[in-house]
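Given next are the chains, with one letter for each unit.
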Amino acid sequence: MKKRLIRLKEQEPLTCRVHTPPEPYKLIRPTLDRDLSYASSVNDDGFIISGNYISSSQKIFLLGGSFIENMYTSQNQRIHSELEKILLNRGYSVEVLNSGVSGSTSLNLLNVVLNKIVPYAPCTILFCISINDTHALSFKAGFWNKYKLFSTLNQASVSERTQPDITEENLSQLKNVYRSLKELCKFFNINLLVANTPYINEIDDSFYALDNSYYRRMCEKRSLIYDTLYSMFRIEGFDSLDLHEAMGGNKKLFFDDVHTNAEGSFVVASVLAPRLEKYLEKSDNPPRLVVYRSELHSIKLTVDMSWSSKVVIPNDMSKFSHAILEYELDCGADAIENNALLCLRFEHENYSFKDVGLKYSDNVGLFSYLTTGPKLRIQDTVKFNIPAGAKELELGFRIWRKRTEVKLLKANLNLFFFSSRS
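Source: prediction; values computed, not measured. (Residues numbered from 1 in each chain as written. Predicted model: local features only at pLDDT ≥ 70, side-chain atom pairs only at ≥ 80, totals over all residues. Heavy atoms only, no water.)

1. Considerations on the overall build of the protein chain
A tally of helices and strands in the protein chain yields 10 helices and 18 strands. Against the compact-globule benchmark of 22 Å for 422 residues, the protein chain has a radius of gyration of 23 Å, which places it among compact chains. Expressed along its principal axes, the backbone C-alpha trace of the protein chain runs to roughly 70 × 50 × 50 Å. Scored against the burial criterion, the 422 residues of the protein chain give a buried share of 55%. Sequence-distant contacts, at least 24 apart, represent 81% of the contacts inside the protein chain between residues at least 6 apart. Summing over all exposed atoms, the protein chain offers an accessible surface of approximately 18900 Å²; the carbon and sulfur share of this is 49%. Counting 51 positive and 49 negative side-chain charges, the protein chain places the averaged centre of each group 3 Å from the other. (Helix = DSSP H or I, 4+ residues; strand = E, 2+ residues; numbered from the N terminus. Rg over C-alpha atoms; globule rule 2.2 N^0.38 Å. Buried < 20%, exposed > 50% of the residue type's maximum accessible area, 1.4 Å probe, protein only. Contact = heavy atoms within 4.5 Å. Areas by Shrake-Rupley, 256 points an atom, 1.4 Å probe, with all protein chains shown as cover. Lys, Arg positive; Asp, Glu negative; His and termini not counted. Charge placed at Lys NZ, Arg CZ, Asp CG, Glu CD.)

2. As for the sheet that holds strand 7 (residues 240-241)
Spatially, 5 strands are ordered 4-3-5-6-7 in an open sheet, and the strand pairing comes out parallel. Each of the sheet's edge strands pairs with one partner strand only, and the pair in question is strand 4 (95-100) and strand 7. Sheet strands in contact with helix 3 (residues 79-89) are strand 3 (59-64) and strand 4, and its direction is about 160 degrees off that of strand 4. (Pairing = 2+ DSSP bridges. Axes fitted to C-alpha atoms, helices over the stretch in contact; angles between N-to-C directions.)

3. Quick look at the side chain of S151
Tracing the backbone through its elements, the reader meets S151 in the loop between helix 5 (133-136) and helix 6 (168-187). Those residues in contact with S151 that sit more than four places away from it in its chain are R7, N108, N145 and K146.

4. Thoughts on the nonpolar core
For soluble globular proteins, the rule of thumb is that nonpolar side chains tend to be buried together. Core analysis: the biggest nonpolar cluster contains 75 residues, and I125 and Y178 have the highest contact counts within it. For Y178, the residues in contact, after removing those within four places along its chain, are S106, F127, I129, S130, D133, V194, L229, M232, F233 and F238. Counting 37 residues, the second-largest nonpolar core is a separate cluster that includes I313, L344, L366 and A390. (Core = buried A, V, L, I, M, F, W, Y, C linked by side-chain atoms within 4.5 Å.)

5. Some thoughts on the packing of aromatic side chains
To describe a pair of aromatic rings, you give the distance between the ring centres and the angle between the ring planes. Counted according to the given criterion, the structure contains 17 aromatic pairs. With 5.5 Å between their ring centres and 85 degrees between their planes, F127 and Y178 make a pair best called edge-to-face. Placement of the pair is F127 in strand 5 (residues 123-129) and Y178 in helix 6, with a sequence separation of 51 residues. Exposure class is identical for F127 and Y178. Each is buried. Measuring from centroid to centroid gives 5.4 Å for F346 and Y351, while their planes differ by 75 degrees, and the two rings are edge-to-face. Using a relative accessible area of 7% as the deciding quantity, one classes F346 as buried. On the basis of relative accessible area, Y351 is assigned to the partly exposed category, the value being 23%. One aromatic cluster in this structure is built from F127, Y178, Y230, F233 and F238. Here the basic side chain of R222 rests over the ring of Y199, its NZ or CZ set 5.0 Å away from the ring centre. (Phe/Tyr/Trp six-rings, centres within 6.5 Å; stacked < 30°, edge-to-face > 60°. Lys NZ or Arg CZ within 6 Å of the ring centre and 35° of its normal.)

In short, the description is geometric, and any link to function would need to be established separately.
Here it is as structure tokens:
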């Protein structure tokens, strides 16, 4: 018999990937962008980073299923990225890490806290009640089922079948998982805020093409789980937030029943920020974010460099941390990998290219490859530094390696100023 292992629900460490929704997924979600693909970067401990590249000893971890994972939203617009920027602009040097994984149950997430997040204490977690609990608790054994998608072990059973209702015994399992979570966080000095996964109560084929009678049963189970937990939270003194109520069932903020679009992700982050502030310490040197909107947009790239107008760099760079270029490209059918370049040009050359953190070529100077591929439309980011003494910066874009159609749809430059806490 194959040796069994406890499943650790995490992203694969040290990976950078492009995620394109498969056609069957898009087919039943008519409001999901039909063409856009989505980049993600995962650090060495299996957490999705924000794309802001902030490093701080003051950390917030977001735990949940695919709602928190937020994979089909652009990297710099995911919930944890927007939350990080909101808190930065409120004076907090904080790093927000995404521990969302599709298919996770609350028991899976408890395991993540114990085995991955405890070493970072003291820290703060936003623990989002997984929508997948609806499925796991419908099995007779509840969280300890042996079904391949929701088992706590690496088992591959497909024979186990769900029951029509969630039993009282399984609701007791659920409550005890959250009681265990609260005590674990207390023992290890972890701040805990629990929220639920918001969802849309009423669907139709123009929004989410799913069997309505099946969906109504799912919503009834979700409501039962939430009512059970929030009743306990009030009695037992949990710090909790009703995200489902806060989002108000607004379909404009979702592309299906539980997954937010870019606008919805920003709204979620805006709701979370004031509830998490009480757990954070403000920096003695308040951080700030300076944003420049490039006039280069909707242009077809050629072998000739397209340069932006000069960006005037702030005089006070004493707290400067790093720069992030956010860009969106639309590639033709015959585009290949590394088919476009970002280039930088400063008004003086009294610096080392290593100071900037990009590659250097005698042909094009300082450069970074942009994410390209056949029929790929994607938003992604490039991190770099600005050398000491630089007063002006220009951004250049061109195709590379192969003549093909690559359009630059937009480009924004963000400068981050902050001091990480020791």
